[in-house]
Amino acid sequence: GRAAPLVCGVHNVCRLLTHRAHGFYARDAGVAHRKNLGLLRKIMCQESTKFKNVWTTHSASPIAYERGRIYMDNYQCCISSIAQEPRILYQKSKCAKSEKIEDALLLECPLGEMLPSPSDYKASLIVLTVQNWLLRLSADSGEVLEKVYLAGSCCKFFRYLSWDTPQEVMIVKSAQNKLPAAARQAGIQQTVLFYLAVFQVLPLSFIGMLEINKKIFGNSVTDVAVSNGILIVMYSMGLVRLYNFKAILEQFMEQPFDLGQEFNWNGQVGIVGKYPFGLPCNIKITDTPPLLFEASSLENAFQIGGYPWHYIITPNKKKHKGVFHICSLKDNALAKNGIQEMKCCSLEPDWIYFHPDMSGRIIHVGPNLIKVLKLKEVKNHADQMEIAEDFTIVANRENCVNNSVTVTASGRVVKKRFTSLDDDPEQETFKIVDYEDELDLLSTVAVTQIGADGRAHLDFHCNEHGILLKSIPLKESWDVTYSHEVYFDKDLVLHIEQKPNRRFSCHVYQMVCDTARDDD
């Protein structure tokens, strides 16, 4: 066939490959999708476009949201939020306490791969039950597609699901093993702290199970996590150590097993993933793995990101709470202007993290200020990086006057004995900052206490420059003493709140075009 013409006169192979990855070819399906999202963003940010509260529900149990689906009653009820008005996708009968779901992950079909079952091409929900069952459910019907028994109740209580590699490798983590008080008093030693089971997903396959043991990693281990091929071990004194998780699997794997395979392991005969045997612990770490990196940070707070790679820590002393150091991962050198501190006086601390848009920028959020920072080379020093301000977003406190000295109408001078906090509920305060990747918008939730009620609004900002594009007032009152979650998903806004006595509410807003007949 005839070769396709070069795109936009580009003659560089690397640039052509980059254009292809971004979907810049006219006949590429990605072009239409990107154009549609661009149109949606423009429509959504128009002044005439409103977000209308179309549905509200209440529950005695926590409410969860995943990709257009609202889950209630411990995942027994699934409601689609995509329709004009939310509708029930499935409703199961109330489950027994022994079938209670501890954690869940949404599993979506990978693009361009051949899968063994037609059901694998549709979204599914992986759930972990209190009795150590791992189930894969249809996201639309709740039907059980696969089930794996993890372990007998005598030794392992699995409680947490997480991604090592999103939508590819999943980690199932146990609760921390703790001996009863009587056993500790009798001098019995517990050396195994956690169990980690590792799975490849779609098709669901067992990679291995391993122990996190005091004899290998030390007595003061408090928690472990796995992310992007790195085993992260946290210690009580604030130390964080990183190990190559993939190398651990390869080096200490005693024998691989497949789900459904008959096995004879340590005197036990059974079938992998079936009751009552569960999964064999086939990865035995017999020696301390090579250490990749370690750092000491207050409350084990540690993040890696940016380009070139940097990490963020707080010096491991309580007096440094709210002070963040940004250092090079290569040589631990502190970046120029790498000490970031809001110097705010507030009940809730400020927080900092690498921007999820993969730009390498950093978001630092305080009560009344959001700073988006960037890494750049120091002029005339290519090997040194500095932290520079990209843009800021400031809370609207124009009408707030906080004078320590006031004069009454009679002329009497009154001095305040205290200064208001920076997150005083009567002043507009940032509570949530998030990023909508498909529309490339930075969203913020700011709250102001007005009398007995708190009023919140969701704002959309240009992710590149921070310019305010849209503000959406939330109709319901916002109680700052309870937890809140706000999801912004294309043309949908969803607010989940906890109320007194463990009551939960869910408010759904959908984008509508304003007309003369509809003031909402």
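Conventions we followed
- Residues numbered from 1 in each chain as written.
- Predicted model: local features only at pLDDT ≥ 70, side-chain atom pairs only at ≥ 80, totals over all residues.
- Heavy atoms only, no water.
- UniProt positions renumbered as here; feature names shortened; annotations may be inferred.
- Helix = DSSP H or I, 4+ residues; strand = E, 2+ residues; numbered from the N terminus.
- Pairing = 2+ DSSP bridges.
- Salt bridge = Lys/Arg side-chain N within 4 Å of Asp/Glu carboxyl O.
- Buried < 20%, exposed > 50% of the residue type's maximum accessible area, 1.4 Å probe, protein only.
- Phe/Tyr/Trp six-rings, centres within 6.5 Å; stacked < 30°, edge-to-face > 60°.
- Lys NZ or Arg CZ within 6 Å of the ring centre and 35° of its normal.

- As annotated in an unreviewed UniProt entry, the protein chain carries the name DCA17 factor and is attributed to Rhipidura dahli.

## Some remarks on the UniProt feature "transmembrane region" (unreviewed entry) in the protein chain
For step 1, the next point in the chain: With numbering aligned to this structure, UniProt lists the feature "transmembrane region" (unreviewed entry) at residues 192–212 and 224–243.
For step 2, the next point in the chain: Measuring from the first to the last C-alpha atom of residues 192–212 gives 6 Å, for a span that is 0% helix and 81% strand.
For step 3, the next point in the chain: In this annotation, residues 224–243 is assigned 0% helix and 75% strand; the end-to-end C-alpha distance for the span is 11 Å.

## Overview of the pairing of strand 20 (residues 302–305)
For step 1, the next point in the chain: In the sheet, strand 20 pairs with strand 21 (residues 310–313) via four bridges, with the strands oriented antiparallel. Looking at the pairing, G305 lines up with H310 of strand 21.
For step 2, the next point in the chain: In this structure, the hairpin formed by strand 20 and strand 21 is closed by a connection of four residues, where G306 is found at a positive phi of approximately 75 degrees.

## A look at the pattern of salt bridges
For step 1, the next point in the chain: A full pass over the atoms with the stated rule returns 16 salt bridges.
For step 2, the next point in the chain: The residue R361 makes a salt bridge to D390 at a minimum N-O spacing of 2.9 Å. Of the two residues, R361 sits in the loop between strand 24 (351–354) and strand 25 (362–365) while D390 sits in strand 27 (residues 381–394), which places them 29 residues apart along the sequence.
For step 3, the next point in the chain: Its relative accessible area of 10% is what places R361 among the buried residues.
For step 4, the next point in the chain: Taking relative accessible area as the criterion, D390 reaches 28% and is therefore assigned partly exposed.
For step 5, the next point in the chain: Bridged by salt links that share partners, the residues D357, R361, K374 and D390 form one connected network.

## Thoughts on the packing of aromatic side chains
For step 1, the next point in the chain: Inspection of the entire model under this criterion finds 13 aromatic pairs.
For step 2, the next point in the chain: Relative to Y243, the ring of F217 has its centre 5.5 Å away and its plane inclined at 75 degrees; by these criteria the two rings are edge-to-face. One end of the pair, F217, is in helix 4 (residues 214–217); the other, Y243, is in strand 16 (residues 239–244), and 26 residues separate them in sequence. For the residue pair F217 and Y243, the accessibility class agrees, reading buried in each case.
For step 3, the next point in the chain: The rings of F51, F460 and F488 are connected pair by pair, giving a single aromatic cluster.
For step 4, the next point in the chain: Above the plane of the ring of W133 lies K147, whose end atom (NZ or CZ) is 4.7 Å from the centre.
For step 5, the next point in the chain: Over the ring of Y235 we find R241; its NZ or CZ atom is 5.1 Å from the centre of that ring.

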